Amino acid sequence: MTNNFLTTIKSLKLIEGCKAAQLYALSSVGATASTSGSGDAGGSSRPQPPPPPKAISMRSGSLYYPHAAPSTSGAFVPEPHLPCGLPVADALEPALDACLRPVDHVAALAASYRRVSAATAEGGEDDLCDAYLEQHALFQSMGDARLLRRALRAARVHAGDPHRRAVLAAWLRYERREDELDPAPPPLAPCTDTTPLLECPRAAVFAGVSAGVDPVCPCRRPPPSAASAASSFSDDETNDLWFIIGEEEVACERSSIASLSKPLNTLLYGGFAEAQRDRIDFSRDGITPRGMRAVAAYSRHGRVNDFPPDTISQLLAFANRFCCDGLKAACDGELAAMVRGADDAHSLIDVGLEEASHLLVASCLQAFLRELPCSLTNPDVSRLLCSPEGRERLDAAGNASFALYYFLSQVAMEQDAKSNTTVMLLERMSECAERPWQRQLALHQLGCVMLGRGEFEDAQEWFEAAVAEGHVYSLAGEARAKYKRGHKYAAYKLMSSVVGEYDEPAGWMYQERSLYCVGKEKLADLSSATELDPTMTFPYKYRACAMLEEDKAASAIEEIGKVIGFKMATDCLELRAWFYLALEEYELAVQDVRAVLTLEPGYMMFHGRMHGEQLIELLRGQLQQWDMADCWMQLYDRWSAVDDIGSLAVVQQMLSREPGNSSLRFRQSLLLLRLNCQKAAMRSLRYARNSSLHEHERLVYEGWILYDSGHRDEALAKAEQSISLQRSFEAFFLKAYALGDSSMDTESSLSVVQLLEHANSCASDNLRKGQAYNNMGSIYVDCDMLDEAAECYGIALNIKHTRAHQGLARVHYLKNRKQAAFDEMTKLVRIATNSASAYEKRSEYGERDAAKTDLNTATILDPTRTYPYRYRAAVLMDENKEEEAIAELSGAIAFKPDLQLLHLRAAFFESMGDGASTLRDCEAALCLDPTHGDTLELYSKASKRPEPES
């Protein structure tokens, strides 16, 4: 082969290593685990645990073992260290994914990319908006917040009418609600400097362009001057027609009134008797003298903004009655502009619905959407949004769409997937579904909700309907519903047919079939499921519980630890804590419980029977008691040992003593970011900001919130403002990071080093100072100042910033001391024994066999890291083992359709002359990132290649 793929992969990895030097331990948003809490991010108070239960029944056959001693009355009494018994493996059940889950993700992504391309070529904005919404639905199963937001933004950009723009702008705002400094601004308040234009409520309803994005936010557009407003008025008014309403006469100009619409022109100039009269009785036409005077004024001047809402409502009714399109549009727009919040929306929504006013209803609807989820608890709003009659009324006003009910149903499912509100919204969603993917999604989600409600017959019917629309994953739901109805063999037979139907079955197929078999067959299916998709947690949980039942507690802990090593899932942490309790390892059990509470402060342990804080209190007598000084020492030791979960637990314990300590909250956010728990990290950062007692500290935390939400310049301004009030480590650190987050020349880079030196000159602890020295070393490496970099890394290591071994290894490598680099990384590996990242980094400095061993270990520890797969595939390709190379990549792509993996496989296919597979993988990769230059180049090359003759 002419291309050395291994060399290419390694060079790319080294480039990534250089670029990865960061000043702040900030993980990418990425595919985050389900770690978000449900508490209010706007406050700093911690949820209080519920009072202890008076008694805990320990019945056999429940979700727990009756692991307790019998009392004198014959009832089981829980052992003190196992207040809820032990978990039972056969009682575990994985949740169904309530989203689209194609059997072949790559083919689905490629097809989605082609639909977007076709809609772009045809110029149909509605089709393009729908195509991006479909991408959003596909990305749901991947769990990547960046992809989901990008698809929503693209759909908003191409929304062609005010209704869709309002819905999608509100959806974007809802997804970003925890990023705002003010967590609860008025629903339709004017935009701030940090409000994205795509989320502007006025830009959604009053866009200056028919489709796309108005380049000027209406909130920042200057109002018309008084002179220009007055210029349209004329002092010369001719009255030659009077309308009689009751006992009053309203003077008008016949030609002006006639110009409002064809019906009025025919009435006043046609063959009707009114054409010959100068006085016409309008007493029975439903308009007041005041309203008719407003009609007369509009007919002369073309303006309605001088009238109060009730008068404009009369004008709107008059416009509908006499088909005055211009007057209706003016009234519609003026009333829509008057909607500034939910109160205005409540008072005007009925007018808009009765008169089918598109903009007014869109504006009112937007006000309700921006108060989600609270607005769904309002009976009037809920009736309008959830009922069939409400959907019909919205549809008559042009404000019912699949996008609306897609958004509403997602919010309702987050709040309570079993509620009647959720069911009704999903039913409306199915009624609005026009395209196959829309019907699949709505029907499948209805099945999932009904299954959760225990309505198994209805669930089965919805799942069957989804299957009929082509959604294969709904077969898992159909089997689950059959099993719940007592038809276990039918469920097993159904899933066996699914497994046998595909040459390359997906991991979820084996997982689902395992639910309906026992013994070795069950374990074999779970093993196949893990082999095909190692990111699914249920197989680990079941095997761990089965091991515990066989009195293999240590093996159970090791098994569940495999998934915790790469996914911070609260249910897995809870299960491990349970196992530690069984071993009476109380310190380790409480450590995991504290980690759970950090991720979800309101988490209920033991299948909802006990709050985590309550369990900690129950075990207090078994724990070593630490004061704050002890906690700081423990934090220092665990941070140095690269024990992120242990560090997280110590910080949570410290916060239980000092819940208002903003500095601890900030450190908590750093740890959560390191563990890739973005949502929980942002919540902690907001707590830090809200509990800060000093202005200069609050400005720093606001700066990080702004930076994390994409506002770099505003974050930099906050840092400088904080420094002007008081020099502090965190303010200089923030400024250095904000400045360093761009391509810089050597002079600019050294100015960032100077800022970090200023930071270290301020009061702080060695945990943060070590991070600063580590970052200084990274900058020196980028500037090719290797001696200075080594010095900084050495200082960091002297104060036990263990991760500096990685930077020092890089310095050794750049000085052509490859063995020294390998030895340096070995020091880190010995400390961070379960760090996949450490093994992966060490592989860069070892010989090929050692590198392969390290990368195999990295894959075992974290199967979601893509570099090991790419390296192994490149080695196989260089050895002319093409099929094995493709299989290596395909195994990872099956559960993680990653851009780099898809691009590399496309390149392999291209080198093998497989044009169709090359195009498919390129299209799937471009669906994930339409701007990826290497893939675009490869796609263009493959597209131009002539098809082979048949």
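Structure shown above.
Here the structure is a predicted model, which means the values were calculated and not measured.

Novice: What should I look at first to understand the overall build of the chain in this one?
Specialist: Scanning the chain for helices and strands turns up 49 helices and 8 strands. Residue burial in the chain is summarised as follows: out of 950 residues, 54% are buried. The contacts of the chain with a sequence gap of at least 6 include a subset with a gap of at least 24, amounting to 61%. Split by element, the accessible area of the chain, about 40400 Å² in all, is 49% carbon and sulfur.

Novice: Even after reading the chapter, I still don't get the pairing of strand β5 (residues 241–245), so can you show me in this structure?
Specialist: Side-chain positions along a regular strand alternate between the two faces of the sheet. Residues L241, F243 and I245 point to one face of β5 and are all buried, whereas W242 and I244, pointing to the other face, are not buried. In this sheet, strand β6 (residues 248–252) lies alongside β5 in antiparallel orientation, the contact comprising 5 bridges. Residue pairing across strands places L241 opposite C252, the latter belonging to β6. The hairpin turn running from β5 into β6, its antiparallel successor, is 2 residues long, and G246 in that turn takes a positive phi close to 65°.

Novice: Looking at this model, I keep getting lost on the sheet that holds strand β7 (residues 279–281). Mind explaining?
Specialist: Through backbone hydrogen bonds, the strands of a sheet pair up, either in parallel or in antiparallel fashion. Reading across the sheet, the 3 strands line up as β6-β5-β7 and stay open at both edges, with mixed pairing between neighbours. Strand pairing shows two members of the sheet lacking a second neighbour, β6 and β7, which therefore form its edges. Taken pair by pair, the neighbouring strands of this sheet meet at an average axis angle of 25°, ignoring direction. Across 3 bridges, the pairing between β5 and β7 is parallel. Bridge assignment links F243 to a residue of β7, and that residue is I280. Strands in contact with helix α10 (residues 289–301) are β5 and β6; relative to β6, the strand with the most contacts, it is inclined by about 5°.

Novice: Is there a simple way to think about the nonpolar core in this case?
Specialist: Soluble globular proteins tend to pack their nonpolar side chains together in the buried interior. The biggest cluster of nonpolar side chains holds 186 residues, and the ones touching the most others in it are M292 and F318. In contact with F318, not counting residues within four places along its chain, are L264, F282, I287, M292, V295, C324 and L327. Judged by nonpolar contacts, the second largest core, of 41 residues, contains L685, Y707, A772 and A789.

Novice: So what exactly am I meant to see when it comes to a negative patch on the surface here?
Specialist: On the surface, E457, D458, E461 and E464 cluster together into a patch of negative charge. Turning to its location among the elements, E457 is positioned in helix α20 (residues 456–468).

Novice: Sorry, what's going on with the packing of helix α15 (residues 379–386) against helix α18 (residues 420–432) here?
Specialist: When two helices pack together, their arrangement is given by the angle between the helix axes and by the axis-to-axis distance. Two elements in contact, α15 and α18, have axes separated by 9 Å at closest approach and are oriented at 35°. Residues S382, L385 and C386 of α15 form the contact with α18, whose participating residues are T421, M424, L425 and R428. Across the contact of α15 with α18, the residue classes break down as 4 nonpolar, 2 polar and 1 charged.

What counts and what doesn't
Residues numbered from 1 in each chain as written. Predicted model: local features only at pLDDT ≥ 70, side-chain atom pairs only at ≥ 80, totals over all residues. Heavy atoms only, no water. Helix = DSSP H or I, 4+ residues; strand = E, 2+ residues; numbered from the N terminus. Buried < 20%, exposed > 50% of the residue type's maximum accessible area, 1.4 Å probe, protein only. Contact = heavy atoms within 4.5 Å. Areas by Shrake-Rupley, 256 points an atom, 1.4 Å probe, with all protein chains shown as cover. Pairing = 2+ DSSP bridges. Axes fitted to C-alpha atoms, helices over the stretch in contact; angles between N-to-C directions. Core = buried A, V, L, I, M, F, W, Y, C linked by side-chain atoms within 4.5 Å. Patch = residues over 30% accessible without salt bridge, like charges linked within 9 Å, V, L, I, M, F, W, Y side chains within 5 Å. Salt bridge = Lys/Arg side-chain N within 4 Å of Asp/Glu carboxyl O. Lys, Arg positive; Asp, Glu negative; His and termini not counted. Charge placed at Lys NZ, Arg CZ, Asp CG, Glu CD. Nonpolar A, V, L, I, M, F, W, Y, C, P; charged D, E, K, R; others polar.

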